Amino acid sequence: NPYAGLVSHLRASWLSGKTRPMEYRVAQLEALGRFLDDKKQEILEATELDMGKPSFEAFFSEILLCKNELNVTLNNLCSWMKDEHVDKNLVMQLDSAFIRKDPYGVVLIIAPWNYPIHLFLVPLIGAIAAGNCAIIKPSEISKNTERLVAETLSCYLDSDCFAVVTGGVPETTRLLENKFDYIFFTGTPPVGRIVMTAAAKHLTPVTLELGGKNPCYVSDTCDVTNVARRVAWGRFFNAGQTCIAPDYLLCTLEMQEKLMPALREAITEFFGPNPRESLDFGRIVSDKQFQRLRALLGSGRVAIGGQTDEAERYIAPTVLADVLPSDPAMQEEVFGPILPIVVIANMDEAIDFINARPRPLALYAFSCDSKIVNQVLERTSSGGFCGNDTLMHVTLTSLPFGGVGNSGLGKYHGKFTFDTFSLHRGCLHRNMGLETLNTPRYPPYTQQKLGLLTTTFEVKRRGTCTLL
Amino acid sequence: MEKMQQVVGRARAAFRSGRSRPLEFRIQQLKALQRMVQEKEKEILAALKADLNKCGYNAYSHEILGVLGELALTIEKLPSWAAPQPVKKNLLTMRDEAYIGYEPLGVVLVIGAWNYPFVLVMQPLIGAIAAGNAVVVKPSEVSENTARLVAELLPQYLDKELYPVVTGGVPETTELLTQRFDHILYTGNTAVGKIVMAAAAKHLTPVTLELGGKSPCYIDKDCDLAVACRRITWGKYMNCGQTCIAPDYILCDPSIQSKVVENIKATLKEFYGEDVKSSPDYERIVNQRHFKRVKSLLEGQKIAHGGETDEASCFIAPTILTDVSPESKVMEEEIFGPVLPIVPVKSVEEAIELINGREKPLALYVFSNNKQLIKRVISETSSGGVTGNDVIMHFFLSTLPFGGVGHSGMGAYHGKHSFETFSHRRACLIKDLKMESANKMRYPPGSQKKVDW
């Protein structure tokens, strides 16, 4: 296997204990911070070449949000690493009981192309913070960023413990044949299945950050202007290539009519009368994705946008009205600057529509009436939920970010990343003395001992599981 | 074969009806389980005796008490566990509601094992019900009396559609695993663990795998050997060694090896009397296949104590092997029987190296008066859990997560950890539709001014 040598090299470093001390982890994390600072311009340029990512967006998602995660981690690492003492039962009052946060060992992080720095770096922060070694596999589709990472990351991180592997499907397949102690994958559900199947051969635990169609319900009672802005922002950010973008809108016919001019206005406000000339609107990452998206334009009717340019891989910010559940745009995750609107009669129908489909990564509901927002929340299931806005729930590092069902398993961001990459090891350190207290548990078992056990065990004792 | 699809389909429809979600319903089901355990105690003990020759005391203390404790804890704490958990907000979200909501996953599959056949289906079941799920229970067919009893009793006390019991062997379990579940908790061996995870991967189903391995037990020269050996003897030979967290093998300095043997021998006499076979407190190997497997591990070994076997009754005497080589057959796989190899090591470094050269175990034990040495062994090794200066006991503290790592498993449960394992933690941010001005800074057109702010 072409990567066996690399993996065993990292495993040897891991076994040497090098990545364990807090000072080491802090040093590597600070180096990541310097990478972001030093290479900021290169990152903005590479992502622009890869998908026309506007520099404002690139700064926000690839630099600012990453630095936030770094700082949260550096500020809290000491306390996160500490043994967590737990409540004890009666029998163990004189013992020490705690949960240790152990690193797993050598972890693999596979990142996608749409937020190519963020989606390997934020998991990597947690992996390093938890004391692991890591192999990073950036996406070959965002090839400029891939090259940047492959060429420069090693200048910042300890190459004995952290490595970047490049390549496409064949390379990733061979990489996955090796044994890792944890695999963190961000990508599509079909590939998620492949990754988990490969992981099963070695009993490697995984986090899978996948995707799906994120529904966005807009009730009849809402501030149309604000809704339009927030939805347009979330939908057209990165030209729609965002796993948590509002994928499709659900609203009544009346609301669709009201929203259309508001959406038109928001798009013009954001990108000007000709979005193709706006520096703030991205492009589609590849010809393949461009063609896939163009084929979706036949769904419903084009109410806003619809223009495309193949040479530039440009698709205008587009809104499709009167889309049917059977239309192409409703068969797969859109992942592009196209917003289908599916008309429903009322909130109940919207909820039924959502629940008939695989559970999404994100779910959005807009209403001035908080009861409606809460009803949608309570009667559905999704990885995360944001009421009256889009995308924002993932910028709060105290909230776990992850999917459920088809949209993924596991979670990260903030402390959740650290927890993802650490084994929570239950430890009980007992007293060697006081052996007489143990006598009731030893054979030979007498009626007396059984009586003692039963009478002293009180089922209703508060919060303890007592066993003599 | 259609049957599995029907059973799971019914459970899913029952879950979709929403009735397993209200806290009152969950608590009512848990209280019904409490009644079941209390009312049917005799039947449960009889099944355990038939399956494993488990004596009343062991069966009661290992399988019933633990379940009752978990039920009491869960019933009491459920309202607080299930409550939405507000989180720390940042500047931008200061006026919003931000919290983590606990939601059921849907339909959970619990696959039990034969060695503690009652508690190993009940404990996961308790957590899964508490989290609001429907649960398909598949007890091990090897412990057939307990399986039959569980299949009879659960429908008498619990909602029949939400919590069905499926019985059968490998073909039935294979068929069951083709269905889609929202979480699978499997207790058993590493080989089948891989099969379960591969089946789960097809549906992207998260799994908790409680597997096994060889749990090492290091005895330092500086320790109270009499106490250490008594505790080790208890943990090793309970349930005839058929415990996933039993101390599998001992590592110690050659100079104390014979003292260790002497102490264990003395303790064995204390526990089981002169004639172990006639002690009512000593169990049997579960079946012929495992009897033959464990017996074959004795070949070519130095038997310092024990070694007697009786195929007809699946009896294997508590056995100690000395000067065992790390390369021998008995050191290859989990023993899961009353055979205790002692592997001499000249230093704690050698012990740590030996442990780290093997698959990560479910449990790790270290006996020493020297706190620093214990800390060192823990920090330089990896294992699912640890007990220092005793064995098994970390299992009984429900505030500690119980699970493995590497080949010994993934995920954890017990107490609140069960509730969290079987819940989906959903991130919720509820904003105001007003306050739009705060958002302007994030909207295009972008500008350096906005970036600098």
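Residues numbered from 1 in each chain as written. Chains lettered and ligands numbered in written order. Predicted model: local features only at pLDDT ≥ 70, side-chain atom pairs only at ≥ 80, totals over all residues. Heavy atoms only, no water.

What follows concerns the environment of Arg174 of chain A. All names here are of chain A. Looking at the secondary structure, you find Arg174 in helix 7 (residues 169–175). Each C-alpha atom, one on Arg174 and one on Pro2, is 7.5 Å from the other, the two residues being 172 residues apart in sequence. Those residues in contact with Arg174, other than ones at most four positions away along the chain, are Asn1, Pro2 and Tyr3. (Helix = DSSP H or I, 4+ residues; strand = E, 2+ residues; numbered from the N terminus. Contact = heavy atoms within 4.5 Å.)

Quick look at the side chain of His183 of chain B now. Residues and elements named next belong to chain B. One can find His183 in strand 5 (residues 183–187). Within the structure, His183 has its side chain in polar contact with the side chain of Thr208 (distance 2.8 Å). With sequence-adjacent residues up to four places away left out, His183 is seen in contact with Leu105, Val107, Val108, Leu109, Thr205, Pro206, Val207, Thr208, Thr421 and Phe422. (Polar contact = N/O pair within 3.5 Å; in protein donor to acceptor, adjacent residues only side chain to side chain.)

This next bit is on the interface of chain A and chain B. With 109 residues of chain A in contact, the opposing surface of chain B contributes 109 residues. For the interface between chain A and chain B, the tally reads 10 salt bridges. For the salt bridge of Asp182 of chain B with Arg359 of chain A, the shortest nitrogen-to-oxygen distance reads 2.9 Å. Counting across the chain A and chain B interface gives 43 residue pairs in polar contact (both at pLDDT 80 or more). It is helix 8 (residues 189–202) of chain A that contributes the most residues to the side of chain A that touches chain B, nine residues altogether. Residues of the side of chain A that touches chain B, tallied by class, amount to 53 nonpolar, 31 polar and 25 charged. Pairing analysis gives four bridges linking strand 18 (residues 422–429) of chain A to strand 15 (residues 385–388) of chain B, with the strands arranged parallel. Bridged to Cys427 of chain A within strand 15 of chain B is Val386 of chain B. (Salt bridge = Lys/Arg side-chain N within 4 Å of Asp/Glu carboxyl O. Nonpolar A, V, L, I, M, F, W, Y, C, P; charged D, E, K, R; others polar. Pairing = 2+ DSSP bridges.)

With that settled, the discussion passes to the packing of aromatic side chains. Evaluation of the coordinates by the stated rule reveals 28 aromatic pairs over all chains. Seen from their ring centres, Phe270 of chain A and Phe271 of chain A are 5.9 Å apart, and the 85° between their planes marks the pair as edge-to-face. Across this residue pair, the class does not change: Phe270 of chain A and Phe271 of chain A are buried. A centroid spacing of 5.1 Å and a plane angle of 65° characterise the contact between Phe271 of chain A and Phe281 of chain A, whose relative ring orientation is edge-to-face. Placement of Phe271 of chain A in helix 10 (residues 253–271) and of Phe281 of chain A in the loop between helix 10 and helix 11 (287–296) is noted, with a sequence separation of 10 residues between them. According to the relative accessible area criterion, Phe271 of chain A is buried, its value standing at 5%. On the basis of relative accessible area, Phe281 of chain A is assigned to the buried category, the value being 2%. Taken together, Phe60, Tyr115, Trp233, Phe237, Phe270, Phe271, Phe281 and Tyr314 of chain A together with Tyr443 of chain B form an aromatic cluster joined through their ring pairs. The aromatic ring of Trp234 of chain B is capped on one face by Arg441 of chain A, whose charged end is 3.6 Å from the ring centroid. (Phe/Tyr/Trp six-rings, centres within 6.5 Å; stacked < 30°, edge-to-face > 60°. Buried < 20%, exposed > 50% of the residue type's maximum accessible area, 1.4 Å probe, protein only. Lys NZ or Arg CZ within 6 Å of the ring centre and 35° of its normal.)

Here we take up the sheet that holds strand 5 (residues 162–164) of chain A. Judged by pairing direction, the sheet is mixed, and its six strands sit side by side in the order 5-4-3-6-7-17 (chain A) without closing on themselves. Every interior strand has two partners, whereas the edge strands, strand 5 and strand 17 (408–409) of chain A, have only one.

All names here are of chain A. Put simply, helix 2 (residues 22–38) and helix 5 (residues 118–129) touch, their axes get as near as 9 Å, and they point 160° apart. Looking at the two axes, helix 2 sits roughly antiparallel to helix 5. Handedness of the helix 2/helix 5 crossing: right-handed. In this structure, helix 2 uses Arg25, Gln28, Leu29, Leu32, Phe35 and Leu36 to contact helix 5, whose residues at the interface are Leu121, Leu124, Ile125, Ile128 and Ala129. (Axes fitted to C-alpha atoms, helices over the stretch in contact; angles between N-to-C directions. Parallel < 35°, antiparallel > 145°, perpendicular 65-115°, else oblique. Left-handed = near helix turned anticlockwise from the far one by under 90°.)

Once that is clear, we can look at empty space enclosed by the protein. Residue and element names in this part refer to chain A. The full count for this structure, using the stated rule, is 10 cavities of 30 Å³ or more. Its boundaries defined by the atoms lining it, the largest cavity holds a volume of some 250 Å³. For the largest cavity, the lining is made up of 17 residues, of which Leu65, Tyr115, Thr242, Ile244 and Val394 are closest to its centre. Listing elements by their share of the lining of the largest cavity, those giving two or more residues are helix 4 (55–81) and helix 5. The element that contributes the greatest number of residues to the lining of the largest cavity is helix 4, accounting for three residues. Here the residues of the lining of the largest cavity sort into 12 nonpolar, five polar and no charged. Per-domain counts for the lining of the largest cavity show at least three residues from each of domain 1 (3–211 + 410–423) and domain 2 (215–406). Taken as a whole, the second largest cavity encloses approximately 130 Å³ of empty space. For the lining of the second largest cavity, the residue count by class is 10 nonpolar, two polar and no charged. (1 Å grid on protein atoms, 1.4 Å probe; cavity = no way out; pocket = protein on both sides within 12 Å on 5 of 7 lines; lining within 4 Å. Points joined across faces, edges and corners; volume = space filled by probe spheres on them. Domains from an automatic or database assignment.)

With that settled, consider the side chain of Glu146 of chain A. All names here are of chain A. Within the fold, Glu146 resides in helix 6 (residues 143–152). No salt bridge is formed by the buried Glu146; the nearest opposite charge belongs to Lys137, separated by 4.8 Å. For Glu146, the contacting residues outside a window of four places in its chain are Pro138, Ser139, Glu140, Thr166 and Gly167. (Lys, Arg positive; Asp, Glu negative; His and termini not counted.)

Turning our eyes to something else, we now look at the domain arrangement of chain B. Residue and element names in this part refer to chain B. Domain annotation of chain B identifies domain 1 (1–211 + 408–429) and domain 2 (216–396). With 15 residues of domain 1 at the interface, the matching set in domain 2 holds 18 residues. Here domain 1 meets domain 2 over a buried area of about 1,600 Å², counting both sides, of which 55% is carbon and sulfur. If you look at where domain 1 meets domain 2, you find zero salt bridges. At the junction of domain 1 and domain 2, the tally comes to seven residue pairs in polar contact (both at pLDDT 80 or more). Counting residues per element, the ones that place at least two in the side of domain 1 that touches domain 2 are helix 3 (41–52) and helix 4 (56–82). Residue composition of the side of domain 1 that touches domain 2, by class: six nonpolar, seven polar and two charged. (Buried area = accessible area lost by both parts, 1.4 Å probe.)

What follows is about the pattern of salt bridges. Considering all chains together, one arrives at 51 salt bridges over all chains under this definition. Linking Arg292 of chain A and Glu332 of chain A is a salt bridge whose minimum nitrogen-to-oxygen distance equals 2.6 Å. Taken together, the positions of Arg292 of chain A in helix 11 and Glu332 of chain A in the loop between strand 13 (318–321) and strand 14 (338–343) put the pair 40 residues apart, joining distant regions of the chain. A salt bridge links Lys214 of chain B to Asp248 of chain B, with the nearest nitrogen and oxygen atoms 2.6 Å apart. Here Lys214 of chain B is found in the loop between strand 6 (207–210) and strand 7 (216–219), whereas its partner Asp248 of chain B is found in the loop between helix 9 (225–237) and strand 8 (249–252), with 34 residues between them in sequence. Each of the two residues, Lys214 of chain B as well as Asp248 of chain B, counts as buried. When salt bridges with common partners are traced through the structure, they connect Asp95, Arg430 and Arg441 of chain A together with Asp390 of chain B into a single cluster.

Here we have 10 strands laid out as an open sheet, ordered 10(A)-13(A)-14(A)-9(A)-8(A)-15(A)-16(A)-17(B)-2(B)-1(B), and mixed in their pairing. Bordering the open sheet on either side are strand 10 (301–304) of chain A together with strand 1 (85–86) of chain B, each of which pairs with just one other strand. Note that strand 15 (residues 362–366) of chain A and strand 16 (residues 384–387) of chain A share four bridges and pair parallel. Bridge pairing in strand 16 of chain A places Tyr364 of chain A opposite Cys386 of chain A. Against the sheet, helix 12 (residues 347–355) of chain A makes contact with strand 8 (215–218), strand 9 (248–251), strand 14 and strand 15 of chain A, and its axis sits at roughly 145° relative to strand 9 of chain A, the strand it touches most.

Residue Pro443 of chain A is joined to Pro444 of chain A through a cis peptide bond whose omega torsion reads -5°. For Pro444 of chain A, the position within the fold is in the loop between strand 18 and helix 15 (447–456). Note that the residue after Pro444 of chain B, namely Pro445 of chain B, is joined by a cis bond; omega there is -5°. Position of Pro445 of chain B relative to the elements: it lies in the loop between strand 17 (423–430) and helix 15 (448–452). One non-glycine residue with positive phi stands out, namely Ala239 of chain A, at about 50°. Here Ala239 of chain A lies in the loop between helix 9 (224–236) and strand 9. Notably, Ile392 of chain B is not glycine yet its phi reads approximately 70°, a positive angle. Position of Ile392 of chain B among the secondary structure elements: in the loop between strand 15 and strand 16 (409–410).

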